[in-house]
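Residue strings, one per chain:
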Amino acid sequence: MKSTYRATRGDKKALLRDIKPGMSLYVINEHAPITDSRHPGVDAGPGRTYSEWIVTTERSPFVGNVLAQSPTHRGYESVESLLGKEREIHTQRPNLPLRGARDDHSAYTDKAQRAARQVAERHAKDAAEAMSRQWTLAGRR
């Protein structure tokens, strides 16, 4: 199994062959820089984050493409469509902030902001692990 699949015909076939229900897929998101009003000219937010998608046992109606579900917003997307839109899918968690767990409260101190972000990321990861277990069990039936 590869760690990165790109939007090529060969990688798409390999990805569809390698995925299993409950497997996590990661997409890297590029964001415009966020500036902080307290410190003009300083980038306060991450330029890159990642999103997590869990492979399900569900298939899209009519076409039959395998669907992935986001633990952050519970939306569904076909794996083929996700690869086509994002141009790259990873099977290993990147060392970046989790997009759905961003917690930006400018009233917090820096230390409190870091702690709030860690708690938000932990909750998002726990939701992803629970969803992964759910779809892994569904795939065994």
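Novice: What am I meant to see in the overall build of the chain here?
Specialist: Assigned secondary structure in the chain consists of three helices and eight strands. Along its sequence from the N terminus, the chain presents helices and strands in the succession β-α-β-β-β-β-β-β-α-β-α. Across the 141 residues of the chain, 38% fall into the buried class. Relative to all contacts within the chain whose residues are 6 or more apart in sequence, the contacts with residues 24 or more apart total 57%. For the chain, the accessible surface area stands at approximately 8700 Å², while carbon and sulfur atoms represent 49% of it.

Novice: Is there a simple way to explain helix H1 (residues 9-18) in this structure?
Specialist: Every α-helix winds through 3.6 residues per turn, so residues three or four apart in the chain are directed the same way. Residues of H1 that are buried include every one of Asp11, Ala14, Leu15 and Asp18, and no others. Buried residues of H1, seen end-on, are gathered within an arc of 100° and therefore sit on one face of the element. Exposed and oriented more than 90 degrees from the buried face of H1 are Arg9, Lys13 and Arg17.

Novice: I'm lost on the packing of aromatic side chains in this one. Help?
Specialist: The relation between two aromatic rings is expressed through the spacing of the ring centres and the mutual angle of the planes. A complete count under the given rule lists one aromatic pair for this structure. Measuring from centroid to centroid gives 5.7 Å for Tyr26 and Tyr50, while their planes differ by 70°, and the two rings are edge-to-face. Taken together, the residues Tyr26 in strand S2 (residues 24-30) and Tyr50 in strand S5 (residues 48-59) connect sequence positions 24 residues apart. For Tyr50, a relative accessible area of 1% gives the class buried.

Novice: Explain the pairing of S2 here, please?
Specialist: Among the seven residues that make up S2, five are buried, leaving the element largely enclosed by the rest of the structure. Direction of pairing for S2 relative to S5: antiparallel, over a ladder of seven bridges. Among the inter-strand pairings, Ser24 is bridged to a residue of S5, identified as Ile54.

Novice: Where do I start with the nonpolar core in this structure?
Specialist: Within soluble globular proteins, side chains that are nonpolar tend to cluster in buried spots. Counting residues in hydrophobic clusters, the biggest one holds 15 residues, and the most contacted among them are Leu15, Ile19, Leu25, Trp53, Val55, Val79 and Ile89. The set of elements that each furnish at least two residues to this core consists of H1, S2, S5, strand S6 (66-69) and helix H2 (79-86). Here this core gets three residues from one element, more than from any other, and that element is H2.

Novice: When you look at unusual backbone geometry in this model, what are you seeing that I'm missing?
Specialist: What is expected of a backbone is that most residues other than glycine have negative phi and most peptide bonds are trans. Phi angles above zero are rare outside glycine, and Phe62 is one such case at about 70°. One can find Phe62 in the loop between S5 and S6. The exposure class of Phe62 is exposed, given its relative accessible area of 90%. Here the phi dihedral of Arg87 falls at roughly 70°; this positive angle occurs in a residue that is not glycine. In this structure, Arg87 sits in the loop between H2 and strand S8 (88-90).

Thresholds, definitions, all that
- Residues numbered from 1 in each chain as written.
- Predicted model: local features only at pLDDT ≥ 70, side-chain atom pairs only at ≥ 80, totals over all residues.
- Heavy atoms only, no water.
- Helix = DSSP H or I, 4+ residues; strand = E, 2+ residues; numbered from the N terminus.
- Buried < 20%, exposed > 50% of the residue type's maximum accessible area, 1.4 Å probe, protein only.
- Contact = heavy atoms within 4.5 Å.
- Areas by Shrake-Rupley, 256 points an atom, 1.4 Å probe, with all protein chains shown as cover.
- Arc of directions from axis to C-beta.
- Phe/Tyr/Trp six-rings, centres within 6.5 Å; stacked < 30°, edge-to-face > 60°.
- Pairing = 2+ DSSP bridges.
- Core = buried A, V, L, I, M, F, W, Y, C linked by side-chain atoms within 4.5 Å.

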